[in-house]
Amino acid sequence: LRGAVLFFMPVLSFSFSSYSSSSVMRLSGHVSPVNNNTLPALRLQNRKNVQGRRLLACACAASSSSSSSSTGHVRLYGSSGSRSPLVSFYLHEINVPFELINPRDETNPHPMGQVPALRDGLDLEVWESGAILMYLADKYGGLDTPEKRAEVGKWVVWANATLDPCLFIETPEGKVIDTSVRSSKPARPLVVLENHLASKTDDDPYVVSGGFSAADAAIGSYLLYVSLFFPDVSYAAYPNICKYMKLVCTRDAYREAFGAPMTDSLIAKVDDYLNECNSPAQQAKSVIGKLFS
């Protein structure tokens, strides 16, 4: 999400334009919090090691313990309250080792200093979550033809351009104040997704045929963010979206990216949606096929 938001905030108004006061550093698969008391020391250490990271990138590329011969040294700039965990999610899915860097690190390549941003090796810089996902899918995720890239890319762009504004209603200043999931009138993007997922089978349940893809990392993460930011909201009017959310948040890579406590809380929340979906009252209010009811 644009900027940073602390999960489980007790208020509904939060900003995508500023960073969280805490960040996480990932090393050898372990994630630990970095508080404000340690940030000055980290910034000093980061300044001392800017040139050293270039050497480290070469070393990591040759090290079997932290990287493979087919990947560079991938560095993801982000924090726990931004869109960067959805990129981490996809990196875990495709088994690409990476280092999570403090968003305020002076080597962050984003021209506005925002997150997520990514460096791959010494020269490649990319920012914006959708662009990062498509780059990773292209280089490491098997999207090796224009047709494959188009099939996944259209949904990644749709997630950012259409689904995101539906899920997160903002003020002119960019503060998220509500979600269209709450509306008694079904939101068209959600109905479109609900109907698309209704056409899927148990053997092929994800957005793009052929299995989990970068499109699911984006769409699934955005849907689940709503459950974190607005715990009073229910997706029960969209039963196929509920089933899809359960598929996404029970993946091992999701747990690794977002953490076990958050993941367990989301699984319980989605189970509540599914139980509500099966109630007679909710089944009578099914929105499938009702774009404007």
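Here the structure is a predicted model, which means the values were calculated and not measured. Just so you know, the residues in each chain are numbered from 1, in the order the chain's sequence is written. Since the coordinates come from a predicted model, pLDDT governs what is reported: local features require at least 70, and pairs of side-chain atoms require 80 or more to be given and counted, while whole-chain, interface and lining totals use all residues. For the side-chain quantities, the full set of heavy atoms in the structure was used; hydrogens and water were omitted.

Overview of helix H5 (residues 146-167)
- Counting from the N terminus, the helices are the DSSP runs of H or I reaching at least four residues and the strands are the DSSP runs of E reaching at least two. How far a helix is expected to stretch is found by multiplying one less than its residue total by 1.5 Å. Taking 1.5 Å as the rise per residue, H5 with 22 residues should run 32 Å; its terminal C-alpha atoms sit 30 Å apart, in good agreement.
- Two axes enter the definition of the bend at a residue: one is fitted to the seven residues ending there, the other to the seven starting there, and the bend is the angle between them. Along H5, the largest kink reaches about 40 degrees and is centred on Ala159.
- The criterion used for residue contact is that any of the two residues' heavy atoms lie within 4.5 Å. Elements that come into contact with the buried residues of H5 comprise helix H4 (129-139), strand E8 (169-170), strand E9 (175-178), helix H6 (188-198) and helix H7 (214-229).

Examining the packing of H5 against H6
- To get an axis, fit a line to the C-alpha atoms, keeping to the stretch in contact for a helix; angles then go from 0 to 180 degrees between the N-to-C directions. Closest axis-to-axis distance for the H5/H6 pair is 9 Å, and the angle between their directions is 130 degrees. Viewed along their axes, H5 and H6 adopt a mutual orientation that is oblique. Contacts between H5 and H6 involve Trp155, Trp158, Thr162, Leu163, Cys166 and Leu167 from the first element and Pro189, Leu190, Leu193 and His196 from the second.
- Residue classes follow a fixed rule: Ala, Val, Leu, Ile, Met, Phe, Trp, Tyr, Cys and Pro count as nonpolar, while Asp, Glu, Lys and Arg count as charged, and any other residue, Gly among them, counts as polar. Per-class residue counts for the contact of H5 with H6 are 8 nonpolar, 2 polar and no charged. Roughly parallel refers to an angle under 35 degrees, roughly antiparallel to one over 145, roughly perpendicular to one between 65 and 115, and oblique to any angle outside these ranges.

A word on the pairing of strand E5 (residues 98-101)
- In this scheme, a residue with accessible area under 20% of its type's maximum is buried, one over 50% is exposed, and one in between is partly exposed, where area comes from a 1.4 Å probe on protein chains only. Here E5 shows a buried face lined by Phe98 and Leu100 and a second buried face lined by Glu99 and Ile101.
- Bridge analysis of strand E4 (residues 74-77) against E5 gives 4 bridges, and the strand direction is parallel. Each bridged residue has a counterpart across the sheet, and for Arg75 the counterpart in E5 is Glu99.
- The crossover handedness rule: strands pointing away from the viewer, path from first strand over the helix to second strand clockwise, crossover right-handed. Handedness of the crossover joining E4 and E5 through helix H3 (residues 84-93): right-handed. Only strands that DSSP links by at least two bridges are regarded as paired with each other.

What about the pattern of salt bridges?
- In what follows, salt bridge is the name for a side-chain nitrogen of Lys or Arg lying within 4 Å of a carboxyl oxygen of Asp or Glu. This structure, assessed with the given rule, holds 12 salt bridges.
- Between Glu125 and Arg119 there is a salt bridge, with its nearest N and O atoms 2.8 Å apart.
- For Glu125, a relative accessible area of 38% gives the class partly exposed.
- Between Asp178 and Arg182 there is a salt bridge; the shortest N-O distance is 2.8 Å.

Concerning the pairing of strand E7 (residues 124-127)
- The pairing of strand E6 (residues 117-120) with E7 spans 4 bridges and is classified as antiparallel. Looking at E7, one finds that Ala117 is bridged to Trp127.
- Linking E6 back to E7 in an antiparallel pair, the connection comprises 3 residues, with Gly121 at a positive phi of about 75 degrees.

Describing the packing of aromatic side chains
- Only rings of Phe, Tyr and Trp enter the pairing, Trp through its six-membered ring, and a pair is recorded when the two centres are within 6.5 Å. The plane angle decides the type: under 30 degrees is stacked, over 60 is edge-to-face, the rest tilted. Scanning the model with the defined rule gives 10 aromatic pairs in all.
- Geometrically, the ring pair formed by Phe89 and Phe258 is edge-to-face, given 6.5 Å between the ring centres and 75 degrees between the ring planes. Note that Phe89 is positioned in helix H3 and Phe258 in helix H9 (residues 252-258), a separation of 169 residues in sequence. A single burial state applies to Phe89 and to Phe258, both of which are buried.

Some thoughts on the nonpolar core
- By nonpolar core we mean a set of buried residues, namely Ala, Val, Leu, Ile, Met, Phe, Trp, Tyr and Cys, connected to one another through side-chain atoms within 4.5 Å. With 74 residues, the main nonpolar core has Leu167, Leu190, Ile219, Leu223 and Tyr235 as its most contacted residues.
- Counting residues per element, this core draws most heavily on H7, which supplies 12 residues.
- When near neighbours in sequence (up to four residues on either side) are disregarded, Leu190 contacts Leu163, Cys166, Leu167, Val181, Leu223, Tyr235, Tyr238 and Ile241.

Remarks on the side chain of Ser129
- Residue placement: Ser129 occurs in helix H4.
- When neighbours within four sequence positions are excluded, Ser129 is seen to be in contact with Arg83, Leu86, Val87, Pro116, Asn160 and Tyr222.

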